[in-house]
Amino acid sequence: MHLIGVTPTLDEQTGRITINQDYLDALRRAGALPVLLPLAEDTAAWEEMLRRVDGLLLSGGADLCPASYGEEPLPVCGETAPLRDAEELYLCRRALEMKKPLLAICRGHQVLNCALGGTLYQDIAAQYSDSISHPRHDTPRDPVHPVSVTPGSRLAAITGRSALQVNSRHHQAVKDLGRGLTVSARAEDGLIEAIEYPAAPFALGVQWHPEALSDRYAEAQALFNAFVEACGA
Ligand code: MN
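Described in the following lines is the structure provided in the data block.

About the cut-offs
- Residues numbered from 1 in each chain as written.
- Predicted model: local features only at pLDDT ≥ 70, side-chain atom pairs only at ≥ 80, totals over all residues.
- Heavy atoms only, no water.
- Helix = DSSP H or I, 4+ residues; strand = E, 2+ residues; numbered from the N terminus.
- Polar contact = N/O pair within 3.5 Å; in protein donor to acceptor, adjacent residues only side chain to side chain.
- Contact = heavy atoms within 4.5 Å.
- Donors = N, O, S within 2.8 Å, 3.2 Å for Na, K, Ca; no water.
- Buried < 20%, exposed > 50% of the residue type's maximum accessible area, 1.4 Å probe, protein only.
- Pairing = 2+ DSSP bridges.
- Axes fitted to C-alpha atoms, helices over the stretch in contact; angles between N-to-C directions.

The next thing to look at is the side chain of aspartate 85. With respect to the helices and strands, aspartate 85 occurs in helix H3 (residues 82-97). Looking at aspartate 85, its side chain comes within polar contact range of the main-chain nitrogen of cysteine 65, at 2.9 Å. In this view, aspartate 85 contacts Asp63, Leu64, Cys65, Ser68 and Arg107; residues no more than four positions away in its chain are not counted.

The protein atoms that coordinate the manganese ion are His134 (ND1), His145 (NE2), Ser168 (OG), His170 (NE2) and Glu193 (OE), at distances spanning 2.3 to 2.4 Å. Coordination of the manganese ion draws on donor residues from a single chain, spaced H-x10-H-x22-S-x1-H-x22-E in sequence. Here histidine 134, found in the loop between helix H5 (124-127) and strand E8 (145-149), pairs with histidine 145, found in strand E8; they are 11 residues apart in sequence, far enough to count as distant. Neither residue differs from the other here; histidine 134 and histidine 145 are each classed as buried.

What follows deals with the sheet that holds strand E11 (residues 182-187). Spatial strand order, E4-E1-E5-E6-E13-E12-E11-E8-E9: nine strands in an open sheet with mixed pairing. Strand pairing shows two members of the sheet lacking a second neighbour, strand E4 (33-36) and strand E9 (163-166), which therefore form its edges. Ignoring which end each strand starts from, the neighbouring axes of this sheet average 20° apart. One ladder, built from four bridges, connects strand E1 (residues 3-7) with E4; its direction is parallel. Across the sheet, isoleucine 4 pairs through a bridge with proline 34, a residue of E4. Sheet strands in contact with helix H1 (residues 21-29) are E1, E4, strand E5 (55-58) and strand E6 (102-105), and its direction is about 150° off that of E4. This element, helix H4 (residues 107-115), spans E5, E6, strand E12 (192-196) and strand E13 (203-206) of the sheet and lies at about 115° to E6.

Here you go:
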């Protein structure tokens, strides 16, 4: 059974870590054994975690510190988690180097972009467009907007779809694409909703939350199935 390392959310004030059960359920349905990766503060521990897992899932959470992409925080930037940033940026870069399969969700998708030198909109409505409401935290487990899937992308191959209906729990988004990444889905307002790293055996980032759809929508579960399958290749 493939072991998938999952990064949880750390509340740096209280020291509590949390994870939505949906991530773990989606991985279990795909036949994998998820394990939570504790916060550590040294690269030796991060290396050991990566060595032991077959794949890495970067989960959702707080905003990245704008310093991660060379900007000062604007008032519209939300809460950040600097310790988690450091660990996840490291794990992401090393997973790509080690050719460990990577599934990066929401904040994780933004980590993937920034790990390769990309940048973010600190707030979509303030800096890009308010034509589609992306921070739809009112309906976290239901599709709220469509995305068009890039023909020929890994995402297209996995889902067999040219368009997907997705949920949307984000107020930030990818701005400039990181080195070597390609766009695999966009919203109707043009915003990047999924990215992939073709040089890796499997590295996919999605801005939505497929784990919260995967119990009812086969094309959402298909992402986890393809990811776990890649972990055994
Ligand atoms: Mn969205």
